[in-house]
Amino acid sequence: MTRLLFPLWQPDERAYRAICAYLGITPRSSLYDRLAEYLANAPFRFTRPYGFSLFLARRRLTRFRIARLDIVTKLFLPDHPVRHVLNGVIALHECDGEGFREMAASPVGWRALVSMLGWALRFGLSVAVTIPWLACQFLLYVAGIPFRSKARVAGMRVLVTGVNRGLGLDLMLHCLEQGAEVIGTVRNRQSLEALEARLPVEAPAKLLITDLSQPGAFVHALREAKIQPESLAMSILSASVKHGGESEVSLNRLRDTFQVNCFAAAEFAAWLYAPGSAFIEGRSSEVSGALDLNPSPVTSGKRENRKAPMARALVLISSMGRWHGMPFACGYNASKAALSIWGESLDMELRQSQSQRFTVTIVEPGMFESGMTQQTPMTRYLFASRREVARRILAGALAGRRVIRPPFWFALLTWGVCLAGRDIRFRLFARTNPRRNQ
Amino acid sequence: MKVVIVGGGVSGSHTALTLLERGIEVELWDVGRAETAFPEPGVTFHNLKTRVADPVAYLLGADLRGLVPPAAPELLRYPPSRHFLASSDDPLDSFESDRFFPYASFAKGGLANGWGANALAYDQDDMSEWPVSFSDMEAAYRTVYNRIPVAGPVDDDLVPHLQGVYPSQSPVRLSAADQGLWQTYHRKRRALDGSGVKLGLARLAVITDPARKDACDYCDRCLWGCPRDSIYNPSVSTLKQCDASSAFRYVGGRMVLSLLTVENRIVGIRYLDTKSQELREESCDVVFLAAGALQTGGIFLRTLKSARADIAAETDGLMDTATVKIPFIALRRIGQPSDPRSFQFNRLIVGMVGHSPPWPRYLHGELLHLTGLLYHPLIERMPFDSRLSRRLFFALKSALGVVTFFFPDCITSGNRQVLLDQGGRWSKIGLRYEEPADKENYIRHSVSRMKSVLWRLGCVPKGIVRSPSGAGIHYAGTVPMGQGPKRCDATGRSNLFSNLYIADGAAFPSLPSKSITMSLAAHATRVARRADL
């Protein structure tokens, strides 16, 4: 297994080695692969953590934390992910000949009694360390409550575009991990088959093939799959294309970029906000369709929909690049600028109509690990992880935030560069190597 | 005359063998799935982990379904490498329930492929609510004990309470832990007299005679499938005896759904051909239902619905033994090494004798010291962190044991099978079951008595583990003996259909605590002997 799907449940190899060291057994890579495979199904088989349990599950597993969590979860949280991890490690190692011999080695006679006394003392010490640690963790959790959204994505149906890789994939996995049902789109059958092979069979994900570069294809695919707009609680449009290295006068590439990154969103919004399944007939007129901002009879006037604004949330994944030009990649930046401005305008229209059924969230991520950025030795330190960006996007959208810019320090840096003048920007961006990426 | 027996488990095979002995030609219809061969005969359970190519897949299943998650109610799962049990997503599964979790088997030999081998008989007190007395059943029990070799003692404290048990071989070897407990019991026997709890050597349908090539070699793999066929299994024993007769025809690949009737007589059988997946019908003259109480009840209900729409399509009863486990630590065994080879199932049994109306006087328990099992559910259940639990478990392993009690059941209004009309190719069967309230007191009282005895035997009991309803696998009472159209008479003949015989546990009007298998075989034998053919 090259990459973990659900980090809340699946420990990485480093954490697995820490668990083995804690349990006093030798790690085995073949057993680790089995463990990761088993725990990939965990979000769909076992109770999902929430509240303080979720807070404890999110932290990285070190040997110290494992020891603390082991005691806490055994006593108070029997269905916590770490219990499944520890139980899985013990189960797999006891099935392995060498692993079992190692685990079953035990003192006999009077040595057994002496050893038990030692273990009891060690356990007492461990409990003594765990109690203040738990108190600290609880205080940290309580202190963070005002900053955390109480809304949950569990049980919702979420649409995510471009789920075959990059941020789209992480958004889909994060939604699945949090208990949502996901409708994901990919560009072609090859991507679909590769993704299906990776996803656990029990994952509630429905994958559609659609080429967003074809006008109207996105909405056509949704209608073919008999997906109703009102069934989508949240729609995250993360698919985008970047033709790096192309001249800005390459019009075909420019049109293609705008179609995928901006016009597909407008087509989708027209379908999403139209009453019922009504959609403008004919592909050529789809983009020009006016939005219906009147609440549909299905949900109008219902108090629960006012309380749950996420019922029709549209999340547009733009870019910090939308704030400035860039040589040989302006198509991408310009289309993202158009998407941000269009999204903001749409949000204003929706707010003017006083419709509380819809929200538009614009996401402008900065530096994070994506297929569109170069990997350098500094990447690890400067870039945010895709999963962390996905988590922040989902949490922000659930909280009804209208703009999300993770990581925020990069937004400040970008704005600083923008204020510094075009010459400075030229010198800065001239040093970047144009490269092809899609 | 075409006589069809439905089901190839203990009841079906003994019905067939008895009818063959009467000179009657029989057909035995069965789904008849085959189990794969058990690997590495002679190798012990733990050594198997270094011998099979992929021990994780063998022990936990390729999809690791055998891994018991934390907080799960069970202490063990049936080995995923064995295919005699049907899962709930099996296309042939016909049951629906949210409170009763039944085991079903479509394998040749049925649920006996995985039974615990305890071979006891119901006595007069156990059958006090039956229209059949022990003396009526005794001849059948003797026949069955002649057919099935049983290892057990000729004399111990339980002999007076275990009427109708006829061991023909020496008992299975006790482990060192069993011997310690056995000696302590004998030292304190007088003091324990007042408790009503008695220990005995297990009566087991296992071949122990070392002169036989199929004798038990104590490889600790009973649950994983006996590679030497030492434990009785109808598919390798009784059905093979039937096969030797030219009057016997085994018809596999058929799942019987219902019976065709004309004026209260069975004239044919409607079945699913499991190979072609087609629904078919075939005529017959006499039918013996021996598909197991749950399947038999289902077939009876589907037949009832088409034959007598005026009668509600639900059974009069549904029973199973509630199982309660009491784990304990034998203090003197702490720090002692485990036996390298042993018999995996219980070598000792417990009888709790006393008057507790309306339940039978004898409550059966099985006393087991841990040998070859997957230990992770037990480690996870210990009240310490995983590191200490793992170390402590293996230091205490040879001292750990469990007493499992099987609590009797009776026909209670509300506990029944119901025909569900939800479309599909055949109607599914709903299982409605709740433990009778008065049984809870009985369970509590019995557990408390046993715990007190364990303390006196130098063992520390630790909590109890209740299995969910349906986990007892002693299903009975879906077409019970008694008055009424949905019941059968004392000979197993249906009160409604004159040429239909209920030859399995569906006919039992109450369910004693003792293990059911020998009584299933005896009932089938008696029904087949008395059938009016």
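Residues numbered from 1 in each chain as written. Chains lettered and ligands numbered in written order. Predicted model: local features only at pLDDT ≥ 70, side-chain atom pairs only at ≥ 80, totals over all residues. Heavy atoms only, no water.

### Let's talk about the sheet that holds strand β3 (residues 205-209) of chain A
Residues and elements named next belong to chain A. As a reminder of what qualifies: Two strands are counted as paired when DSSP detects at least two bridges linking them. Helix and strand assignments follow DSSP, with helices taken as H or I runs no shorter than four residues and strands as E runs no shorter than two, numbered in order from the N terminus. Throughout, a residue-residue contact means that at least one pair of heavy atoms, one from each residue, lies within 4.5 Å. Orientation is described by axes fitted as lines to C-alpha atoms, over the contacting stretch for helices, and by angles from 0 to 180 degrees between their N-to-C directions.
Read across the sheet, seven strands follow the order β3-β2-β1-β4-β5-β6-β7 without closing on themselves; strand pairing throughout is parallel. Two strands close off the open sheet at either side, each with one partner strand: β3 and β7 (403-404). In the packing of helix α10 (residues 189-198) onto the sheet, the strands contacted are β2 (181-186) and β3, and the crossing angle to β3 comes to about 165 degrees.

### A short note on the side chain of A:Asp96
Worth spelling out the cut-off: Think of it in three bands: with a 1.4 Å probe and only protein chains considered, a residue is buried below 20% of the maximum accessible area for its type, exposed above 50%, and partly exposed in between. Side-chain atoms alone can form a polar contact between residues adjacent in sequence; in general such a contact is a pair of N or O atoms within 3.5 Å, and within protein one must be able to donate a hydrogen while the other accepts it.
Relative to the assigned elements, A:Asp96 resides in the loop between α6 (81-95) and α7 (97-104). Overall, A:Asp96 belongs to the buried group, its relative accessible area being 17%. A distance of 3.3 Å separates the side chain of A:Asp96 from the backbone nitrogen of A:Glu98, its partner in a polar contact. Look past the residues within four positions of A:Asp96 in its chain and what remains in contact with it is A:Arg28, A:Leu31 and B:Lys49.

### Structural notes on the sheet that holds strand β8 (residues 278-283) of chain B
All names here are of chain B. One open sheet accounts for three strands, arranged β6-β7-β8; its pairing is antiparallel. Across the chains shown, the open sheet's two edge strands, defined by having one partner strand only, are β6 (254-262) and β8. Taken over all neighbouring pairs, the strand axes of this sheet differ in orientation by 25 degrees on average, direction set aside.

### Considerations on the pairing of strand β1 (residues 157-161) of chain A
Residue and element names in this part refer to chain A. To keep things clear, this is the line we draw: For a crossover, the right-handed case is the one in which the path from the first strand over the helix to the second runs clockwise, viewed with the strands pointing away from the viewer.
With four of five residues buried, β1 is to be regarded as a mostly interior element. Bridge count between β1 and β2: five bridges; the pairing is parallel. If you follow Leu 159 over to β2, its bridge partner there is Ile 183. Taken together, β1, helix α9 (residues 166-177) and β2 constitute a β-α-β crossover, and its handedness is right-handed. Of the pairings in the sheet, the one linking β1 to strand β4 (residues 234-237) comprises three bridges and is parallel in character. Within the sheet, the bridge partner assigned to Val 158 lies in β4 and is Met 234.

### Observations concerning the interface of chain B and chain A
Stated precisely, the cut-off is as follows: Each reported salt bridge corresponds to a side-chain nitrogen of Lys or Arg within 4 Å of a carboxyl oxygen of Asp or Glu.
Opposite the 40 residues of chain B that make contact, chain A presents 42 residues. Between the two partners, chain B and chain A, sit three salt bridges. A:Arg34 is the partner of B:Asp54 in a salt bridge, and the nearest nitrogen-oxygen pair spans 2.8 Å. One can count 16 residue pairs in polar contact (both at pLDDT 80 or more) joining chain B with chain A. At the level of elements, α3 (55-60), α9 (376-381) and α10 (386-396) of chain B are the ones that each hand at least two residues to the side of chain B that touches chain A. Among the elements that make up the side of chain B that touches chain A, the one with the highest residue count is α10(B) (ten residues).

### Observations regarding helix α11 (residues 217-224) of chain A
All names here are of chain A. Among all positions in α11, only Ala 217, Phe 218, Val 219, Ala 221 and Leu 222 are buried. Each element contacted by the buried residues of α11 is listed here: β1, β2, β3, β4 and α12 (251-273). Lys 226 sits one or two residues past α11 and shows a positive phi near 55 degrees.

### Notes on the confidence of the model for chain A
Which entries qualify depends on this criterion: Known as pLDDT, the predictor's confidence for each residue is given on a scale from 0 to 100.
Averaged over every residue, the pLDDT of chain A is 84; the share at 70 or more is 84%. Contacts from residues 276-311 of chain A, a stretch scored under 50 in pLDDT, to residues over four places away or in other chains number 57 contacts.

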